[in-house]
Amino acid sequence: MSARTTPLFKLAKELGVPNKELMAFLKERNLPAKRAIDTLTVGQVTIILEKYRGATVGATAPGTAAALAAPPATPPPAPAAAPVTPPARSPVPAVGAVTPPPTEPAPPPAPARTDTQPPPPTPQPSAPPPPAPAPYVPVRRGYVYRGPVTLSDLARAMDLRASDIIKNLLAEKQMVTLNQRLGEDIVKLIGERFDFPVTNPAAPAASTATRAASGGTTNLKPRAPVVTIMGHVDHGKTSLLDAIRETNVAAGEAGGITQHLSAFRVGLAGKGDVVFLDTPGHEAFTALRARGAKVTDIVVLVVAADDGVMPQTIEAIDHAKAAGVPIVVAINKMDKPGANPARVKQELASRDLAPEEWGGKTIMIEVSALKKTGLDKLLEMLLLEAELLELKADPTGPAQGTVLEGRMHKSRGPIANLLVERGTLKVGDIVTAGGAYGRVRMMLSDKGANLTEAGPAVPVELLGLSQVPEAGAHLMVMVDERSAREATERHLSRLKEERLTRRHITLQDVSAGVAAGEAKELRIILKADVQGSLEALASALARLANDQVKLAVIHQGVGPISLSDVALAAASNAVIFGFHIGAEPQAEEHARQEEVEIRLYSIIYEAVDEVRKAMEGLLAPRVEEVALGRAEVRATFRTPKGTVAGCFITTGKAVRGDKIRVLRGGKVVHETNLTSLRRFKDDVKEVAAGYECGIFVESFDLFAVGDLLEFYTQTLVQEKLRI
């Protein structure tokens, strides 16, 4: 047993001593404990242990504190239920035992045994001391966050007063009410302020249902890069991918156009593998990013050498830039007679994609999907780019991944096309993916082969889920089916709550849409009827950019507002501006669902004026002082409440409730609010110049004749853009 703080009754139980005996012992030493449940200090515990070390229920009979005050034996005693005859060489004979006379000189006789005094413990050198009991550790309280909760319910759960929580949040500039539903961030803030741990079992990082932690960094190994193919229609995206993997996917697709999101893994002999995502345009790429799934490492932008940069090419560039993904350009159709790669490079350079041979940073490879030329160089450049990105993953432990797409098969049931990102997924694993869960019954590779396991950067087709998962859902291996079902229910509940609270940035509340700590930035998407109007609007908005607020036009184009524009705005938290155009019906419906704001204008200066106001809304207002008047103290009067200054208003006026500044010798002595203003015996609201008055201030009682008083008020003035 070690010296430590513990309740008295627990220590008495461990030593086998009555509670009253310990309390009497402490009282004799002027260290009283009033109750048995009182917590003893370290010093009290140390004194008790020094006194009763080695005492047990059997060896220590109930008695008085005085009887137990004798110092303990030097060697550690062993517990004994009855007196034991000591060995012949023992220097201390056992009291009360019948033994032959000692052969050696006996030590001084021990005190006579009484009914209230236990026998001295018999030394047992060979017996080990009793093991120390486990220390008493109080259970720390905590709160489990399972969704938005009202302030009153949270205060009840944390055993706190709601008024105390409100006061603390006010200090953090957070205004809440009793019936307001609080999110996870606010609940965790309250927990930190009151030392109350808050946990969220729904968070993947805190899930106790996973078989093991799969996000470690001890077994990181290089993985294959994940590449997305993007570009304009009929520029050869799928044909290029067919040439790389030597299959003919386009032949089996309706009209020769890619209809589904697919993932394929190809290898370069002796150099590594590359995973390709073939998407229908860039909608799927943006949809995944809008759901928080950032699976793409590199974007390959396919541009036809005979066609050049087209509208969807520009959209693909803007989508890739908004996602912060490096771009590698594949100039396709070099076998055609009208191929002009120099023109393509020049057009791309005007879009901030300057080729390396021109001193830029963008890798551009000339290829031909039909002749299968330049493909090896393209793969080498992709592997080189991946090497610079230092892509690694941990193949050990349970798998985690992202659902690329889901569909329902009439005979196989729900099917998920997914990409494993870390760990190893095995047949028989119990998984959860968004609103779906189940056991992995079968896995197929991109070639259709059966797989028993799949490691990082391996695309698979998974069968066995309870329903079709949504694209971008996070897949995780669980310990059992019950845990998977509970995780799915929490996910669906969280999605429902997010739909109720989700709100994208608008021009009215643009300042509230900027996250704390991030740069002040307004993102917009511009669409116009003709190129001339688009350039004029973009030029007018560009002049609003300054060092106070950043204006980012993440995409601009000609034509009606499309579904792709809304998807990009939702993923990037942007506002869409349309000039002399409308929105497609599907785009309008999707904008309502995602709460993306669309603004339509027919006059340029109206659009520019609204953007200026929105940008000014991001600026913090400044406090401006407005002078009201001045006065001179000509007399002072003592009253039971304090000193009253008899003043003469020299300029302006004095207004009750406004600010007052006391100056003496040109220095500011005090600043406060004007509490009381009187004319003779009447309370007045204000006194104009040329009149006398009496001024009383509760927080200041040191007026002196000759002091100068300045009256002023403070207002908040919205900052203007410095253009």
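Source: prediction; values computed, not measured.

Draft legend 1. A look at the overall build of the chain. A count of helices and strands for the chain gives 17 helices and 36 strands. Within the chain, the proportion of its 723 residues that are buried is 43%. Here the chain displays about 38,700 Å² of accessible surface, and carbon together with sulfur accounts for 53% of that area.

Draft legend 2. Broad picture of the nonpolar core. Counting residues in each nonpolar core, the largest one holds 26 residues, and the members touching the most others are Leu240, Ile244, Val274, Phe276, Leu378, Leu379 and Leu382. Secondary structure elements with two or more residues in this core: β8 (226–231), α7 (237–245), β9 (262–268), β10 (272–278), β11 (298–304), β12 (327–332), β13 (363–366) and α11 (375–389). Counting residues per element, this core draws most heavily on α11, at six residues. Once residues lying within four places of it in the same chain are set aside, the contact partners of leucine 382 are Pro225, Val227, Val274, Phe276, Ile298, Val300 and Val328.

Draft legend 3. View of the side chain of serine 562. Within the secondary structure, serine 562 sits in the loop between β25 (550–558) and α15 (563–572). The buried category is assigned to serine 562, whose relative accessible area is 13%.

Draft legend 4. Examining the pairing of β12 more closely. Of all six residues that make up β12, six are buried, and the element is covered over most of its length. Here β12 shows a buried face lined by Ile327, Val329 and Ile331 and a second buried face lined by Val328, Ala330 and Asn332. When β11 meets β12, the two strands line up parallel, connected through six bridges. Bridge pairing in β12 links alanine 304 to asparagine 332. In terms of handedness, the path from β11 via helix α9 (residues 311–323) over to β12 forms a crossover that is right-handed. The sheet contact formed by β12 and β13 spans four bridges and is parallel. Paired with valine 328 across the strands is isoleucine 363, a residue of β13. This β-α-β element, β12 to helix α10 (residues 341–349) to β13, shows right-handed connectivity.

Draft legend 5. Summary view of the packing of aromatic side chains. All chains considered together, the criterion is met by three aromatic pairs. With centroids separated by 5.6 Å and ring planes inclined at 75 degrees, the aromatic side chains of phenylalanine 25 and tyrosine 52 adopt a geometry described as edge-to-face. With phenylalanine 25 in helix α2 (residues 19–28) and tyrosine 52 in helix α3 (residues 42–52), this pair connects stretches of sequence that are 27 residues apart. Neither residue differs from the other here; phenylalanine 25 and tyrosine 52 are each classed as buried. A ring pair is formed by phenylalanine 577 and tyrosine 601, whose centres lie 5.4 Å apart and whose planes are at 25 degrees; its orientation type is stacked. Taken together, the residues phenylalanine 577 in strand β26 (residues 575–579) and tyrosine 601 in strand β27 (residues 598–601) connect sequence positions 24 residues apart.

Draft legend 6. Representation of the pattern of salt bridges. Applying the stated criterion across every chain yields a total of 22 salt bridges. Arginine 482 serves as the salt-bridge partner of glutamate 486, at 3.4 Å between the closest nitrogen and oxygen. Of this pair, glutamate 486 and arginine 482 both sit in helix α12 (residues 481–501), four residues apart, which is roughly one turn of the helix. A salt bridge links arginine 661 to glutamate 625; the shortest N-O distance between them is 3.1 Å. Pair noted here: arginine 661 is in strand β30 (residues 659–664) and glutamate 625 is in strand β28 (residues 622–639), with a separation of 36 residues, a long-range link. On the basis of relative accessibility, which here comes to 12%, the residue arginine 661 falls in the buried class. Under the relative-accessibility criterion, glutamate 625 is labelled partly exposed at 44%. When salt bridges that share partners are traced, they join Glu625, Arg630, Arg661, Glu671 and Glu710 into one network.

Draft legend 7. Highlighting α9. Between its first and last C-alpha, α9 extends 19 Å over 13 residues, near the 18 Å set by a 1.5 Å rise per residue. Within α9, burial applies to Thr313, Ile314, Glu315, Ala316, Ile317, Asp318, His319 and Ala320. One or two positions beyond α9, positive phi appears at glycine 324, with a value near 70 degrees.

Draft legend 8. Fine view of the state of the cysteines. Tallying each qualifying case throughout the model produces zero disulfides. Looking at the unpaired cysteine 647, the closest cysteine sulfur is the one in cysteine 693, lying at 5.3 Å.

Draft legend 9. Broad picture of the environment of leucine 404. Inspection of the secondary structure puts leucine 404 in strand β15 (residues 400–409). Judged by relative accessible area, which is 3%, leucine 404 ranks as buried.

Draft legend 10. Quick look at the sheet that holds β27. Read across the open sheet, the four strands follow the order β25-β24-β26-β27; overall the sheet is parallel. Each edge of the sheet is formed by a strand with only one pairing partner; in this case those strands are β25 and β27. Averaged over all adjacent pairs, the angle separating strand axes in this sheet is 25 degrees, with direction ignored. Pairing geometry for strand β24 (residues 521–528) and β26, over five bridges, is parallel. Its bridge partner lying in β26, lysine 527 is registered against glycine 578. On the sheet, helix α14 (residues 531–542) packs against β24, β25 and β26 and is oriented at approximately 160 degrees with respect to β24.

About the cut-offs
- What you see as residue numbers is a count from 1 along each chain, following the sequence as written.
- Reporting of local features is limited, given that this is a predicted model, to residues whose pLDDT is at least 70; pairs of side-chain atoms are given and counted only at 80 or more, and all residues count toward the totals for whole chains, interfaces and linings.
- Excluding hydrogens and water, the side-chain figures rest on all heavy atoms present in the structure.
- Helix numbers and strand numbers start at the N terminus; a helix is a DSSP run of H or I with at least 4 residues, a strand a run of E with at least 2.
- Each residue gets one of three labels from its accessible area relative to the maximum for its type: buried under 20%, exposed over 50%, partly exposed in between, using a 1.4 Å probe on protein chains only.
- Surface accessibility in these figures is a Shrake-Rupley result with a 1.4 Å probe; residues are shielded only by whichever protein chains are displayed.
- We define the nonpolar core as a collection of buried residues of types Ala, Val, Leu, Ile, Met, Phe, Trp, Tyr and Cys that are connected through side-chain atoms lying within 4.5 Å of one another.
- For this analysis, residues touch if any pair of their heavy atoms sits within 4.5 Å.
- Think of it this way: DSSP has to see at least two bridges between two strands before they count as a pair.
- Looking down the strands as they point away from the viewer, one classifies a crossover as right-handed if the path from the first strand across the helix to the second runs clockwise.
- For this analysis, a ring pair means two rings from Phe, Tyr or Trp (six-membered ring only for Trp) whose centres lie within 6.5 Å, classed as stacked if their planes differ by under 30 degrees, edge-to-face if by over 60, and tilted for the remaining angles.
- What makes a salt bridge here is a side-chain nitrogen of Lys or Arg within 4 Å of a carboxyl oxygen of Asp or Glu, nothing more.
- Here, expected helix span is obtained from the residue count minus one, scaled by 1.5 Å.
- Two cysteine sulfurs form what is called a disulfide whenever their separation falls within 2.5 Å.
- To obtain an axis, a line is fitted to C-alpha atoms, over the contacting stretch when the element is a helix, and the angle between two such axes runs from 0 to 180 degrees between their N-to-C directions.

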